[in-house]
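# Descriptive structure summary
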Amino acid sequence: GLFNLLFRQTLTDLYTGVRAFNRSTLPLDDLQSSGFEFVLELSARLVSAGVEIAETPVEYTPRSTGASKMKHVPEFLRFGRRLITLRAQLGGSRSR
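None of these values were measured; they are calculated from a predicted model.

About the criteria used
- Residues numbered from 1 in each chain as written.
- Predicted model: local features only at pLDDT ≥ 70, side-chain atom pairs only at ≥ 80, totals over all residues.
- Heavy atoms only, no water.
- Helix = DSSP H or I, 4+ residues; strand = E, 2+ residues; numbered from the N terminus.
- Expected span 1.5 Å × (residues − 1).
- Buried < 20%, exposed > 50% of the residue type's maximum accessible area, 1.4 Å probe, protein only.
- Contact = heavy atoms within 4.5 Å.

### Things to note about helix H3 (residues 72–90)
The end-to-end C-alpha separation of H3 is 26 Å, in line with the 27 Å expected for 19 residues at 1.5 Å each. Restricting attention to buried positions, one finds in H3 the residues Glu-75, Phe-79, Gly-80, Arg-82, Leu-83 and Leu-86. If you follow the buried residues of H3, they end up packed against helix H1 (2–7) and helix H2 (36–48). The first or second residue beyond H3 is Gly-91, which carries a positive phi of 80°.

### A short note on the environment of Val-47
When you line up the elements, Val-47 lands in helix H2. Assessed through its relative accessible area of 0%, Val-47 is described here as buried. The sequence separation of Val-47 and Phe-76 amounts to 29 residues, and the corresponding C-alpha distance is 21 Å.

### What to know about unusual backbone geometry
The phi angle at Arg-8 is positive, at roughly 55°, despite the residue not being glycine. Residue placement: Arg-8 occurs in the loop between H1 and H2.

Structure, rendered in C-alpha cells:
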C-alpha cells in the first residue's frame, strides 16, 4: 500500500516476519518509533539505506475466536502520517 508507493517497494506484509541485517547497515540508536510504528520506521530506514527486503510467503488461518482490537481508520491515519514524515526525512529507496 502506502509504504510501497512512498518507498518504491513491492512488499506484501510489513508486519509479519523477521528482519535480519548487519548492525553496521543501520544505526539502531537513530530509531525513534515504538509499537507498530517501529516496523514502519525500521523498514523505511532499511530501504532508504539501499537494503533489499526479501519476503517468504506465509499462509494465514482466519481468527477462530475474538475480534481485532485495531481501530482501522485512526491507525491508518496515524501510520500514514508517520510514513509521509519518514519519506520526507529519508527520501526514497535507493534499491529496486
